[in-house]
Amino acid sequence: MSRLRSSLGVSVFILCSLAFFIGCSSLKMVDTSVAPGGSNKQGLVRGGSQPIAGATVQLYVVGTAGDGSASTALLATPATTDANGAFNITGQYSCPSASSLVYLVATGGNPGMAAGTNNPTLALMTALGACGNLSASTFIVTNELTTVAAVWALAPYMSSYSSIGSASGDAAALTSAFALASQYVNPSTGVAPGQNVPAGATVPVPLLNTLADILSVCVNSAGGVAGDGSPCGTLLRAATPPTGTVPANAIAAALNIANNPQANISTLFGLVNPISPFQPLLSAAPADFIVQLIVAGGGLSISPDSLTFPSSYVSFTSDPQTVTIANTSSKTIGLGSFGISGVNSSDFAEIGCGTYLVAGDTCTLSVTFTPSAAGPRNAALVINSTSANSPQLVPLTGSGIALSGTPLTLSPSSLTFTLAGVPQTVTVTNSSLAPVTIGKISMSSVGSQTNNCPQVLDAQSICSISVQVTALTYTNAQSGSLGITSSAGSSQSVGINVPIATAYFSAAPLNFGSWAVGVSSPYQTASAHVGSYYSPAPQLITSITGPDASDFSLQYESGGCVTNYQCVVDITFTPGGTGTRTATLVTNYGNIALSGTGLPPGPSFSANAETVTMGAPLGASGSANLILLNNGSTALNLSQTITGANAGNFSVTNGCGYLSTGGSCTLNLGCTPSALGTLTATLTVTDSLSGTSQSIPLACVKQAPAATSPVLSPSSFDFGNIEVGSQSSPSAISVTAFSGDPVTITNYFSSPPPTPFVLSTTSCSQTPCQFHITFQPTSLGIQNATFMVLDTITQQYSLLSLSGTGGVPIASLSTSSLTFAARNQGSISIPQTITLTNTGDASLTLTSVSFAGANPGDFLIESNTCGNAVAAGANCSIGVSFSPTASGSRSASLQIVSNAASSPDIVQLSGTGN
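Residues numbered from 1 in each chain as written. Predicted model: local features only at pLDDT ≥ 70, side-chain atom pairs only at ≥ 80, totals over all residues. Heavy atoms only, no water.

Secondary structure assignment for the chain yields eight helices and 68 strands. Dimensions of the chain, computed from the C-alpha atoms along their principal axes, are close to 125 × 80 × 60 Å. When the 914 residues of the chain are sorted by exposure, 48% land in the buried category. Summarising the internal contacts of the chain: among those between residues at least 6 apart in sequence, 69% fall at separations of at least 24. Carbon and sulfur atoms form 52% of the exposed surface of the chain, whose accessible area is close to 37,600 Å². (Helix = DSSP H or I, 4+ residues; strand = E, 2+ residues; numbered from the N terminus. Buried < 20%, exposed > 50% of the residue type's maximum accessible area, 1.4 Å probe, protein only. Contact = heavy atoms within 4.5 Å. Areas by Shrake-Rupley, 256 points an atom, 1.4 Å probe, with all protein chains shown as cover.)

As C-alpha cells, then:
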C-alpha cells in the first residue's frame, strides 16, 4: 500500500508540474485505496489516479425504442462522490428486469483543483451489463479507461451519455457490446485488459491507454472551450466533426472520435505525453483510433477498417464503397449476421457475404450512404463471426447537406402513351440564378428513360429526359411516374399514363448479334396478341426504317397474321457492311429498336457466354452448356482443349466438330471439385481449317453438399431456473452429420461470456455421436449461449441455442406460528395447514422437515406435499396436528431445512393439554 501511495503521489506531482497539459494548480494527494464494499463505498470516480470529489453519479438503463434511444435514469436522487471520489448507490434503485442493461455516468466535480472548482467538461462512464448482476458487494470504478471501453464498444447504439439503446432487433448485439466493454477494461478495477477475454484474443492495451490519456486532458483540469488554446479546448476542437457541433464534455468528445476514427489523429495524439496517467502508451500516432480485439494466429481481417463517405445532399445515394473480409487463419470461420447498427443506421445499406469463409478465402461487402437529414451521420457495420475478436465494427461516417433553393421545373407535368417504344420528351428547367446539383432520375417499372442532364445544371439552363413505355396491355391501364431529386429543396415528378390497348405488345429491343457480311441470322420475332385463343388476331402493320433498314427484312408468320389470337412478324439480319448496324421496326402499336454487327467475310464463331462458372458439391460433378454459333461466311471444323493448373478437374463431352455457316452446336462442360474453394481453367476452341480460336475462362466453385448441415436433437434447450453456484443435471445432445463426418463444437456467441454452459466434449471423431451439457450459473438472471456444431469435411454447420436462468430459492411460509385449542391428553386435533411457497427463481431443495423445542413429541405431521424439492414459483403444504402428552402449556417448533438462505425456516407451535 505504501508503494501505491508513493507512486500515486509522484504521478500527481509530475502532473501538477505540467500545468499546461492538465491545467491543475493545487492537486491534493488523496488515498484512493478503498476495498470493495464497506460503508458508503460502492465505487470510485477518478481522473487517472486523482479522486473526483463532488461528481454527480447516475445509473441508467438502456433505451428500447431504437439505436441511440433515450435511456432511463434509475436513481431518483443522483449520488455525489465524497472527497475520496467514493459513492454508494446500494438500495437506491430497482432493476426493471434482471437482464436489463445498465451503465453508470459521473459528471462534473472537482479533480483536485482549488476548493469550489467544478469541471463542466468532466464526464466519465462505465458499462456494467445486466442489472441483475449488481449487488451491494459490486464495486465500480469509473475513469477515463472505463469511458473509452464503454464508448468504443457502445458507439453504434449511442447518441449521448443519456441516450444509449437499441431496437429489439439489435438487443442481442447491444448485450454483446456491453460484454466487449468489460473485455476491454475491468469495470471493478478500471484497468485494461478486462475480464473474460476470449481465448486467442488480446486487448490493445496501449491504444486504450492512449485514448484514455487524451480524454484525461479535459477530465483532470478545470475544463476548457473549443479553440481557447488549452489542452481541453484543443481536444474539444479536434473532436468536432466538420459539419457537427462542438462536444460539450469528455464522453461526447470520445463518441465523436469513435465515430470519426481517422480525423485529426496527429492533433489528438499530440495531447499525450510520457507522464500521462495511463501507461503503457502507443509509441507513435496510429493510422486510426479504431479499437478491436487482436487475434493471435489470424482471424477475420477487415479492410478498410472504417468507411468515410463524401458529403451528400439529403436523399442522394452515394457511390458504393466496399469492405473486404479475409480469413487469415488456418481454419474455417463461420459468418453470422451482417447489419448496420447505430443512431443513423437507416442512412446506410449493405449487401453481405455468405455463411462461412474457408482458410485464406475472402468476401466483399458493398455499403452505400443515403443521408436522411443534414449534418453528421454515423453508424457501424457489425460483422459477427466465430472469430475470437467477434463482433467486429466498421465505423461508417458521412454528412448530409440540406436541400435549398428554387425547385426545378418539369414540363409537361404528365405524359400519356398509346405507343410503346416511342419516346416523349420532358424538359427540365433551372430557372434560378444558382446552379443545381441533380441526384437520381428514376422511372417506375412501366417504362424507361435516358437523359442528357449533367450532374450540375447551370443557372438559367435546361436539359431533357427521353421517356418511353416498354409494353402495352389489353387487360388494364398502367400508371407510373418519372422522378428527379436535386439540391433545390424538393423532388419533382411527372405522371406516366398508359391507357388500355387493343392488344399486348412489347417494345423490347432486338439484337441479332454479329454476322459476316452477306450471311443471314436466324429470325427473331415481334408480336401483338390478345387474351383469348378464339378472338380475332389483332392487326399488326409494320415497316422498317432507319440508317441500315435494308440490312433487316421481315415477313408475317406463314405469310400473314393467320393465328386466331396473335400476329407474329419474323425479322432476319443480313449485314450489308461491317460495324454496328441499326434500324427501327415501326408498327401501329409502337416501335422496336433493331441492331446487329457486321463482320468482315471469312471464318468466325461466337459463344453464348464470355465465361462459364459451374457449382459442384464435394464428391459430385457440376455441369454447364456452352453454345457455339458459326456466324462467319465459311464452314468450320472445331476442336476443344482445356488447359490450366486445374485442367484435370474439368471435362468436355459432346464436343463440336463440323459446322456449316449459320450452324450451331452445344458443348457439355463438367467439373469435379477436389476441395472447398474455386478452381479455374481455360477452354480453347479452335477451327482447324482457318486456325481461328477463342479462349473462354472456366471456373468450378466447390460447394458443400446441399442440405448437409449437421442435424441436432434437440437444436435448442432451456435448463430453466438453476441456483447460482449449483449445477444442473446433464442434458444430452445428439449429432448426425453428412456421411458420418466428424464434427467440432465451439462457442459461437455467448452472453454473458464466459459461457456458464459446460460441454462434456468439444469434438466427435465420427457421427452419429452424443455429448452432454450442464448449466452452472455464476450470476443471477437469464443467460444464453450459442454453440456451432461444424462438419469439418463439408464445412457446413448448425447452431445449438442454450438458455437458463441463474437464480436463488426463497422459502416463504404462510405463517410463522400455529396455536392449537386446548384438548385432552392423547387426543389428536384436526390438522392446521402451513403453505410453503418458493418465491425465488431456482429450485428449493428440502433436506428435512422435523420438530424441535420443549415438547416435539406433542405435535404430528399429518400430511406433506412438498417432497424433496419445490420448483420456482410453486408451493406445497404441510399439515400439523396437536396431540398433548401432558397437561399444561405445550410448545415446539417445526423446522424446515433447505437450500434457501433463510434455512432453517421455523414455525412456532403451541397448545394446552387438559
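With that settled, consider the sheet that holds strand β60 (residues 811–813). Read across the open sheet, the four strands follow the order β60-β62-β66-β64; overall the sheet is antiparallel. Two strands bound the open sheet, and with one partner strand each, they are β60 and β64 (859–864). Put simply, the sheet's adjacent strands are angled 30° from each other on average, direction ignored. As judged from the three bridges shared by β60 and strand β62 (residues 832–838), these two strands associate in the antiparallel manner. Bridge pairing in β62 places serine 812 opposite threonine 837. (Pairing = 2+ DSSP bridges. Axes fitted to C-alpha atoms, helices over the stretch in contact; angles between N-to-C directions.)

Moving on, we come to the state of the cysteines. Scanning the entire structure with this criterion turns up seven disulfides. For cysteine 95, the disulfide goes to cysteine 131, at an S-S distance of 1.9 Å. Disulfide cysteine 95-cysteine 131: torsion about the S-S bond near -75°, hence left-handed. One end of the pair, cysteine 95, is in the loop between β6 (86–87) and β7 (101–107); the other, cysteine 131, is in the loop between β8 (123–130) and β9 (140–142), with 36 residues separating them in the sequence. Covalent S-S linkage joins cysteine 671 and cysteine 700, the inter-sulfur distance amounting to 2.3 Å. One quick way to see it: the torsion about the S-S bond of cysteine 671 and cysteine 700 is about 65°, and its sign makes the bridge right-handed. On the criterion of sequence distance, the pair formed by cysteine 671 in strand β48 (residues 664–671) and cysteine 700 in strand β50 (residues 693–703) is long-range, its members being 29 residues apart. For cysteine 671, a relative accessible area of 2% puts it in the buried group. (Disulfide = S-S within 2.5 Å.)

The next subject is the sheet that holds β48. On the basis of which strands lie adjacent, the open sheet formed by four strands has the order β42-β44-β48-β46 and antiparallel pairing. Strands at the two margins of the open sheet, each flanked by one partner only, are β42 (605–607) and β46 (650–653). Across the sheet, the mean angle from the axis of one strand to that of its neighbour is 25°, orientation sign disregarded.

The grouping of Leu780, Val808 and Ile810 at the surface amounts to a nonpolar patch, some 210 Å² of accessible area in total. Secondary-structure assignment places isoleucine 810 in the loop between β59 (797–807) and β60. Look at isoleucine 810 and you get partly exposed, because its relative accessible area is 39%. (Patch = residues over 30% accessible without salt bridge, like charges linked within 9 Å, V, L, I, M, F, W, Y side chains within 5 Å. Salt bridge = Lys/Arg side-chain N within 4 Å of Asp/Glu carboxyl O.)

The biggest cluster of nonpolar side chains holds 63 residues, and the ones touching the most others in it are Met125, Val151, Trp152, Tyr184, Leu208 and Leu235. Put simply, the parts of the chain that give this core at least two residues each are β7, β8, α3 (144–154), α4 (171–184), α5 (205–219), α6 (231–238), α7 (250–259) and α8 (265–269). Filtering out sequence-adjacent residues up to four positions away, tyrosine 184 remains in contact with Ala149, Ala153, Ala192, Pro193, Gly194, Val203, Leu208, Val291, Gln292 and Leu293. (Core = buried A, V, L, I, M, F, W, Y, C linked by side-chain atoms within 4.5 Å.)

Here we take up the confidence of the model for the chain. Parts of the model with low pLDDT should not have their predicted coordinates read in detail. Here the chain averages 87 in pLDDT, and 92% of its residues register 70 or above. Taken together, the stretch residues 1–40 has pLDDT below 50 and engages in 61 contacts with residues farther than four places along the chain or on a different chain. (pLDDT = per-residue confidence, 0-100.)

A word on the pairing of strand β3 (residues 56–61). For β3, a buried count of five out of six residues is recorded, marking the element as mostly surrounded by other parts of the structure. Relative to strand β5 (residues 79–80), β3 runs antiparallel, the two being bridged by two bridges. By the bridge assignment, threonine 56 is partnered in β5 with threonine 80. Bridge count between β3 and strand β4 (residues 72–73): two bridges; the pairing is antiparallel. Looking at the pairing, valine 61 lines up with threonine 72 of β4.

The next subject is the packing of α3 against α4. Where α3 contacts α4, the axes come no closer than 8 Å and their chain directions differ by 150°. One element, α3, and the other, α4, form an angle in the roughly antiparallel class. The way α3 lies across α4 gives a crossing that is right-handed. Residue-level inspection shows Ala149, Ala150, Ala153 and Leu154 of α3 in contact with α4, the latter providing Leu174, Ala177, Phe178, Leu180, Ala181 and Tyr184. Tallied by class, residues from the contact of α3 with α4 come to 10 nonpolar, no polar and no charged. (Parallel < 35°, antiparallel > 145°, perpendicular 65-115°, else oblique. Left-handed = near helix turned anticlockwise from the far one by under 90°. Nonpolar A, V, L, I, M, F, W, Y, C, P; charged D, E, K, R; others polar.)

Another aspect to go through is the pairing of strand β27 (residues 436–443). Note: β27 against strand β29 (residues 456–457), two bridges, orientation antiparallel. Following the sheet pairing, threonine 437 is matched in β29 by valine 456. Relative to strand β32 (residues 478–486), β27 runs antiparallel, the two sharing four bridges. Bridging from a neighbouring strand, serine 442 pairs with glycine 483 of β32.

The next point concerns the pattern of salt bridges. Scanning the model with the defined rule gives four salt bridges in all. Among the ionic pairs, arginine 377 bridges to aspartate 347, the shortest N-O distance being 2.6 Å. Here the residue arginine 377 occupies a position in strand β22 (residues 375–385), and aspartate 347 occupies one in the loop between β18 (333–341) and β19 (348–351), the gap between them amounting to 30 residues. Of the two residues, arginine 377 and aspartate 347, neither departs from the other in class, the shared state being buried. The partner of arginine 581 in a salt bridge is aspartate 548, with the nearest N and O atoms 3.5 Å apart.

So, about the packing of α3 against α7. At their nearest, the axes of α3 and α7 sit 9 Å apart, and the two run at 45° to each other. In terms of orientation, α3 and α7 fall into the oblique class. The crossing of α3 and α7 is right-handed. Across from Thr147, Val151 and Trp152 in α3, the residues of α7 making contact are Ile251, Ala254, Leu255, Ile257 and Ala258. Split by residue class, the contact of α3 with α7 holds seven nonpolar, one polar and no charged.

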